[in-house]
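Here is what each chain is made of, one letter per residue.
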Amino acid sequence: MREKYKYLGKNTFIFAISSFGTKFLSFLLVPLYTNVLTTEEYGTADLITTTATLMIYIFTINIADSVLRFVLDKKESHKEILSYGMHVLFVGSFILILSLLIIYWSELIEWDVIYYLFVFFYFFFMALYQVLTNYLRAVDKIVSVAQTGIVSSLAMILGNIIFLLVIKIGIYGYLTALILGPFIGSVYALFKIKLPISVYFKNICNKNTQKAMRIYCIPLIFNNIALWINAFFDKYFVTAMCGIEQNGIYAVSYKIPTILSICYTVFSQAWNLSAIKEFDKNDKDGFFSETYTIYNFFIVCVCSGLILINVPLAKFLFAKDFFIAWKYSSILLISVMFNAMTAFLGSIFSAVKNSKIIATTTLISAGINIVLNIILIPIIKVQGAAIATAICYAAMWAIRYIAAKKYITMHINLWRDIMVYCLLVVQIILEHFSGHCYLGQFIVVIVIITLYRKNIWKVFKQLSMKLWKRG
């Protein structure tokens, strides 16, 4: 099992290098956004990128996921699979252009034409970036993936500084910088793949492989749309019921949970490769069970720590009218925590190529999210959107946990985990008291650490042994 952890650890470390440095710098740009942009501008920009993200799921049929999964199988020519992925992307892009033209001419959405251009270019370069980096990941060029992430993030950060501080073109500069990142990243990825340009337009895989790739990724359309509903649809409810300014504040409230999101995204990229490579239905060596337990402990502790410092962090990050976003950030941290655990379980279904379960469980949670948004937002405004998001992710985790038992046997202390999740809710309630009740919150953190003391000791013991051997 040592080799399994070595492979997982190596990939996690590489992805961490590419993510933490640049994304931390990007995180520090939040005060810039909240100082330069108004709540209305930030809310509008957020709706543009949110809409473009939905378009990726629909018009590319999630072909990037199939490129990753089928190249990992090593049964077909890697070049042919990549070529088919690019073919789907170009066809989808053409259909999107026609769709946007129809929407613009029919005036269904009262946007300036430049906003439609931003939607398309964000869609195209983000989708291209996903296809190319998934290919690099599948052929085990993990270092290249990390380098591409660094280049992309630095381009976006530099673009923000130039367009917002030097040229000072406001929302247009912010959106241009968001597009610049995946554009430069895609160019760099093409350079690292080192294939002739002709490969991207011909040598497409055979009809049977194309069909298999579509069968795998099409259910993921519904999964990703449902994920999009869970993550973004509440912003449309907030905009409609509370106004575009409130959506700007709500969008900013996601910035603190982004710290936790970075942690689990880094691990998930590495874990997905290990889960597919090392899948064992009976988990004889306990690799899946032990990894889940340690991962859950880490995510919970980071979540609890961020709730503890949520208000001071908001004072640093959120300027002027944006400060009130702290009220929603801690609740959204719970949603990100459950999303992290859901992603872990989702890798099991990917390993057995059952994307239908992934889609079904996500669709159920999306339905819960929509219903709760309709009920809660009119009653408690933006807070209702945050609570609805947290509950729907908790429901998705629970459903996937039950469904995963059919495919793998894992030994997990479920009741302890549920108790810890309840403690996090208690911590959030304490945070919303007058004075934020820091003593009570700190006690909750100590109790959580105590409940995981055996796992902490086990990890500490293993690390000590490794250091002792090296010494």
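Residues numbered from 1 in each chain as written. Predicted model: local features only at pLDDT ≥ 70, side-chain atom pairs only at ≥ 80, totals over all residues. Heavy atoms only, no water.

Before going further, it helps to examine the overall build of the chain. Tallying secondary structure elements over the chain gives 19 helices and zero strands in all. When each of the 471 residues of the chain is scored for burial, the buried share is 57%. Look at the contacts in the chain between residues 6 or more apart in sequence, and 84% of them connect residues 24 or more apart. Accessible surface computed for the chain: about 20,900 Å², of which carbon and sulfur atoms make up 69%. (Helix = DSSP H or I, 4+ residues; strand = E, 2+ residues; numbered from the N terminus. Buried < 20%, exposed > 50% of the residue type's maximum accessible area, 1.4 Å probe, protein only. Contact = heavy atoms within 4.5 Å. Areas by Shrake-Rupley, 256 points an atom, 1.4 Å probe, with all protein chains shown as cover.)

Our next topic: the packing of aromatic side chains. Enumeration according to the criterion identifies 18 aromatic pairs in this entry. With a centroid separation of 5.0 Å and an interplanar angle of 70 degrees, the aromatic rings of Phe125 and Phe183 are classed as edge-to-face. Here the residue Phe125 occupies a position in helix 6 (residues 113-138), and Phe183 occupies one in helix 8 (residues 170-193), the gap between them amounting to 58 residues. The rings of Phe90, Phe120, Phe121, Phe123, Phe124, Phe125 and Phe183 are connected pair by pair, giving a single aromatic cluster. (Phe/Tyr/Trp six-rings, centres within 6.5 Å; stacked < 30°, edge-to-face > 60°.)

Counting 139 residues, the largest nonpolar core has Tyr174, Leu175, Tyr250, Leu260, Tyr292, Phe318 and Met337 as the members making the most contacts within it. Take this core: its biggest share by element is 16 residues, from helix 6. Beyond its immediate sequence surroundings of up to four residues, Tyr174 is in contact with Tyr33, Leu37, Tyr42, Ala45, Asn160 and Leu164. (Core = buried A, V, L, I, M, F, W, Y, C linked by side-chain atoms within 4.5 Å.)

Let's shift gears to the packing of helix 13 (residues 310-317) against helix 14 (residues 326-351). Packing of helix 13 against helix 14 brings their axes to within 10 Å, and their N-to-C directions diverge by 125 degrees. With respect to helix 14, the element helix 13 is oriented oblique. As helix 13 packs across helix 14, the resulting crossing turns out to be right-handed. Along its contact with helix 13, which presents Asn310, Val311 and Ala314, the element helix 14 presents Trp326, Ser329 and Ser330. Class assignment for the residues of the contact of helix 13 with helix 14 results in three nonpolar, three polar and no charged. (Axes fitted to C-alpha atoms, helices over the stretch in contact; angles between N-to-C directions. Parallel < 35°, antiparallel > 145°, perpendicular 65-115°, else oblique. Left-handed = near helix turned anticlockwise from the far one by under 90°. Nonpolar A, V, L, I, M, F, W, Y, C, P; charged D, E, K, R; others polar.)

Here we come to the side chain of Arg416. As for its placement among the helices and strands, Arg416 is situated in helix 17 (residues 414-431). Using a relative accessible area of 12% as the deciding quantity, one classes Arg416 as buried. Arg416 has contacts with Thr293, Leu451, Tyr452 and Asn455, leaving out every residue within four places of it along the chain.

This paragraph deals with helix 4 (residues 63-73). Most of helix 4 sits inside the fold, with nine of its eleven residues counted as buried. Within helix 4 the residues assigned to the buried category are Ile63, Ala64, Ser66, Val67, Leu68, Arg69, Phe70, Val71 and Leu72.

Moving on, we get to the environment of Asn369. Turning to its location among the elements, Asn369 is positioned in helix 15 (residues 355-380). In this structure Asn369 comes out as buried when scored by relative accessible area, which is 0%. Between the alpha carbons of Asn369 and Asp234 there is a distance of 8.1 Å; along the sequence they are 135 residues apart.

Between its terminal C-alpha atoms helix 6 stretches 38 Å, which fits the 38 Å expected from 26 residues at 1.5 Å a residue. Of all 26 residues in helix 6, 20 are buried, a share of seventy percent or more. At the exit of helix 6 stands Asp140, carrying a positive phi of roughly 65 degrees. (Expected span 1.5 Å × (residues − 1).)

The predicted model of the chain averages 80 in pLDDT, with 83% of residues at 70 or higher. Mean pLDDT values for the elements of the chain range from 60 in helix 1 (residues 2-27) up to 93 in helix 17. (pLDDT = per-residue confidence, 0-100.)

The contact between helix 12 (residues 287-308) and helix 18 (residues 438-451) brings their axes to 10 Å, and the two run at 170 degrees. In terms of orientation, helix 12 and helix 18 fall into the roughly antiparallel class. Contact residues: helix 12 offers Val300, Cys301, Ser304, Ile307 and Leu308, while helix 18 offers Tyr438, Gln441, Phe442, Val445, Ile448 and Ile449. Broken down by class, the residue content of the contact of helix 12 with helix 18 amounts to nine nonpolar, two polar and no charged.

Take the environment of Leu72 next. With respect to the helices, strands and loops of the structure, Leu72 is situated in helix 4. A sequence separation of 65 residues divides Leu72 from Arg137, and the C-alpha atoms of the two residues are 8.8 Å apart.

Attention now moves to the state of the cysteines. With the rule as written, the count across this model stands at zero disulfides. Between Cys301, a cysteine without a disulfide, and Cys303, which holds the nearest cysteine sulfur, the sulfur-to-sulfur distance is 9.8 Å. (Disulfide = S-S within 2.5 Å.)

As a further point, take unusual backbone geometry. For Lys168, which is not glycine, the phi dihedral falls at a positive 60 degrees. Along the chain, the position of Lys168 falls in the loop between helix 7 (142-166) and helix 8. Backbone geometry at His436 places phi at a positive 65 degrees, although glycine is not the residue there. Within the secondary structure, His436 is located in the loop between helix 17 and helix 18.

What follows is about the environment of Val151. Here Val151 shows up in helix 7. The partly exposed category is assigned to Val151, whose relative accessible area is 25%. Placed 30 residues apart in sequence, Val151 and Gly181 show a C-alpha to C-alpha distance of 7.7 Å.

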